[in-house]
Amino acid sequence: MSSGIPAEDWIGHHARFAPGSPAAHDLASGRRFTYAQFDERIARAALWLARALGVKRGDRVAVLSMNDTDVFELQFACRRLGAIFLPLNWRLAVPELEFICKDASPLVLIHGTEFADAAHQVAKLASVRHLADLANGKPSAYESGLAAASGTLDPPVLDLADIWTIMYTSGTTGRPKGAQITYQMCVFNAIQCAMTVGLTAETKNLVFLPTFHTGGLNVYANPTFHTGGCNVVMRSFDPSLFLKLLTDRALHLTHLLGVPTNFLMLAQELGFADADLSHIVCIGIGGAAAPLALLEDYGRKGIPLQQGWGMTETGPLGLMLSPAMALAKVGSSGLPPMYVRLKICDPDGNEVKPGETGELMIKGPTVTPGYWNRPEANRASFTKDGWFHTGDAARQDEDGYYYIVDRWKDMFISGGENVYPAEVENVIFQLDGVLENAVVGIPHAKWGEVGRAFVVLKTGANLDEAAVIEHCGSQLARYKVPKEVRFLDALPHNATGKVLKHQLPRS
Ligand code: ADP
């Protein structure tokens, strides 16, 4: 369905308005690009894709790369051809990439040199026609292609309703599905991000979440390009480099978004206690339940972590806590931005009262038109009148602020009572010595299900099962208290840093 509104070329626009403004800074290679330079490389990349590889409107262009400014160039080059950008998760094994590539059938696969083996195997298994490498600015098919490109292209007129990207969900809840992301979703998400976290042409956003994930690509990286700010790209997350970058006054970062694991790791870094982060306008946290103890610890240090909620399928921004309320409403994911509509419903689709928990439903211009090739999932994910089922359990307080309680699927029922693991995890986090923890429901003869906690201790900490159970017993109703505690060296995480609960043993 057409919107009748053309999709503007963001980089082309800034290259005309502010050609000398910094657009992108690739930390690993040291390359920096102004908007004029970025625009020129994107034009060349589009020419190379079209002329050398035969990419046309609607073709999928798969990119398997660690974070790199080249990945953004390819995203914008796809826009100039009307092609569909398909970022791939480089942590996936070959059969997983094969599944995605058979589903999305890209014409080309452009890969970082370090992923050459996997890329060749996947290309063969999924019949991808062209393979090319990129090498973070070093000699590669990509750089040669850009150098050789000449001439001009006739850019297609794209509509806001056209698909720009297909992004596969990270698979924390099963087989990945390709969320179709339109220009409209990106434009409204960019406007709403700018409004809620103060993005401007002076913004310097640190990109360290992977750009194959909505956290790395769409919050706040693409919105920063939309406002004409600069993205500083870190190849992958490294906590000690992270601390150095955050405290570097010459670099002067203004924005960043991380998942809770990033901030748990940062707090373990030597030097964090004395770190001055007061120049940073917004430190966003989202993507998974943030432990209250973590938010409070940062708050005491004078760092208000601004919580937000979102999904690949929702632009992603669907909730954001303002800086002014970050400490007053600690634990809340905030309020919906201007164009997002939310409601919380019981399983029959009726809205629940404030304070009650139900499923969060969302509608608005940032919500996906559906999954690629998945008519059944699309029927199940939307109500007849267009509300999208988020699969998240949420409640609202008396002031209208939203709290993400947990994923519906992670809830378990013990003795007939609903237990939301995130609530129990928050209590376990209060114990000194706990670095990370996760609670899951396991089958139980008497109660149906009971909780099992998996705990990772900080170095040198000393806690046993009895201490964890006793602490939970002092803070929570009996049915919520885990019956078992297992200590692990680490929890399984996906590439973004979210805990993969389905990989934790239930038997
Ligand atoms: P995946 O579901 O595969 O992790 P996404 O990256 O799209 O894919 O993640 C969206 C999910 O992340 C949401 O449905 C929700 O469960 C979780 N999430 C995002 N933000 C928050 C938050 N602030 N608090 C709790 N959970 C969150």
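Every value quoted in this text rests on a predicted model; they were computed, and no experiment measured them. (Residues numbered from 1 in each chain as written. Predicted model: local features only at pLDDT ≥ 70, side-chain atom pairs only at ≥ 80, totals over all residues. Heavy atoms only, no water.)

**What about unusual backbone geometry?**
In the segment running from V219 into Y220, the intervening peptide bond is cis, with an omega of -10 degrees. Looking at the element boundaries, Y220 is found in the loop between α8 (214-217) and α9 (221-227). The omega torsion across G315 and P316 is 10 degrees, close enough to zero to call that bond cis. Relative to the helices and strands, P316 is located in the loop between β13 (305-310) and β14 (317-320). In the Ramachandran plot, S105 falls in the positive-phi region, its phi being about 40 degrees despite a non-glycine side chain. Mapped onto the secondary structure, S105 falls in the loop between α4 (94-104) and β5 (108-112). Here S105 falls in the partly exposed class, since its relative accessible area comes to 38%. (Helix = DSSP H or I, 4+ residues; strand = E, 2+ residues; numbered from the N terminus. Buried < 20%, exposed > 50% of the residue type's maximum accessible area, 1.4 Å probe, protein only.)

**Here we look at the sheet that holds strand β11 (residues 255-258)**
Strand pairs in the sheet, formed through backbone hydrogen bonds, run parallel or antiparallel to each other. The strand order across the open sheet built from eight strands is β2-β1-β10-β9-β11-β12-β13-β14, with neighbouring strands paired in mixed fashion. Edge positions in the open sheet fall to β2 (31-34) and β14, since each of these has one partner strand only. Taking each pair of neighbouring strands and ignoring which way they run, the sheet shows an average axis angle of 25 degrees. Strand direction decides the pairing type here: strand β1 (residues 22-26) and strand β10 (residues 230-233), joined by three bridges, are parallel. If you follow H25 over to β10, its bridge partner there is V232. On top of the sheet, helix α2 (residues 35-52) reaches β1 and β2; it is set at about 95 degrees to β2, its chief contact. (Pairing = 2+ DSSP bridges. Axes fitted to C-alpha atoms, helices over the stretch in contact; angles between N-to-C directions. Contact = heavy atoms within 4.5 Å.)

**Comments concerning the environment of L125**
Turning to its location among the elements, L125 is positioned in helix α5 (residues 116-125). Its relative accessible area of 41% is what places L125 among the partly exposed residues. Distance from L125 to L97, taken between C-alpha atoms, is 9.7 Å for residues 28 residues apart in sequence. Ignoring any residue separated from it by four or fewer positions in sequence, one finds L125 in contact with V94, E98 and K102.

**A short note on the packing of α2 against helix α6 (residues 141-148)**
In the contact formed by α2 and α6, the axes pass within 8 Å of each other and the chain directions differ by 100 degrees. Considering the angle they form, α2 stands roughly perpendicular to α6. Within the contact between the two elements, α2 uses R41, R44, A45 and W48 and α6 uses A141, Y142, E143, G145, L146 and A147. For the contact of α2 with α6, the per-class residue count stands at six nonpolar, one polar and three charged. (Parallel < 35°, antiparallel > 145°, perpendicular 65-115°, else oblique. Nonpolar A, V, L, I, M, F, W, Y, C, P; charged D, E, K, R; others polar.)

**Re the packing of aromatic side chains**
For the structure on display, the rule yields 18 aromatic pairs. Their ring planes at 55 degrees and their centres at 5.6 Å tell us that F76 and W164 sit as a pair that is tilted. Taken together, the residues F76 in helix α3 (residues 69-81) and W164 in strand β7 (residues 163-168) connect sequence positions 88 residues apart. Take F76 and W164: they sit in the same class, and that class is buried. Looking at K301, its charged tip hangs above the ring of F272, at a distance of 5.0 Å from the centre. (Phe/Tyr/Trp six-rings, centres within 6.5 Å; stacked < 30°, edge-to-face > 60°. Lys NZ or Arg CZ within 6 Å of the ring centre and 35° of its normal.)

**Examining the pattern of salt bridges**
Close approach of charged atoms lets side chains of opposite charge pair. By the definition in use, this model includes 24 salt bridges. Ionic pairing is found between R44 and E40, a salt bridge with its closest N-O pair at 2.7 Å. Of this pair, R44 and E40 both sit in helix α2, four residues apart, roughly one helical turn. The residue D297 makes a salt bridge to R300 at a minimum N-O spacing of 2.6 Å. Pair noted here: D297 and R300 are both in helix α12 (residues 292-300), with a separation of three residues, about one helical turn. (Salt bridge = Lys/Arg side-chain N within 4 Å of Asp/Glu carboxyl O.)

**Details of the sheet that holds strand β16 (residues 358-363)**
Pairing within the open sheet is antiparallel, and its four strands lie in the order β15-β16-β17-β18. Sheet topology places β15 (341-345) and β18 (402-407) at the edges, where each strand pairs with a single neighbour. Between one strand and the next, the sheet's axes are offset by a mean angle of 45 degrees, whatever the strand orientation. Pairing between β15 and β16: five bridges, direction antiparallel. Residue pairing for β16: C345 is matched across the bridge by E359.

**Some words on the nonpolar core**
Note on soluble globular proteins: their nonpolar side chains tend to be buried together. Within the largest apolar cluster, 56 residues are counted, with the highest numbers of intra-cluster contacts made by L206, Y220, L246, L256, F263 and I428. Looking at which domains feed residues into this core, each of domain 1 (10-396) and domain 2 (411-503) supplies at least three. (Core = buried A, V, L, I, M, F, W, Y, C linked by side-chain atoms within 4.5 Å. Domains from an automatic or database assignment.)

**Focus on the pairing of β16**
Counted residue by residue, β16 has five buried out of six residues, so it is predominantly covered. Two elements, β16 and strand β17 (residues 388-396), share four bridges in a ladder whose sense is antiparallel. In the strand pairing of β17, I362 is matched with F388.

**A closer look at the domain arrangement of the protein chain**
Per the domain assignment, the segments of the protein chain are domain 1 (10-396) and domain 2 (411-503). Between the C-alpha centres of domain 1 and domain 2 the distance comes to 31 Å. Contact with domain 1, which involves 22 residues of that partner, is made by 16 residues of domain 2. Carbon and sulfur atoms supply 62% of the area buried between domain 1 and domain 2, which totals about 1,500 Å² over both sides. Run the count over domain 1 and domain 2 and you get zero salt bridges. Taken together, domain 1 and domain 2 are joined by three residue pairs in polar contact (both at pLDDT 80 or more). Residue assignment for the side of domain 1 that touches domain 2 shows that the elements contributing at least two residues are α11 (260-267) and α12. Of the residues assigned to the side of domain 1 that touches domain 2, the class counts are twelve nonpolar, nine polar and one charged. (Buried area = accessible area lost by both parts, 1.4 Å probe. Polar contact = N/O pair within 3.5 Å; in protein donor to acceptor, adjacent residues only side chain to side chain.)

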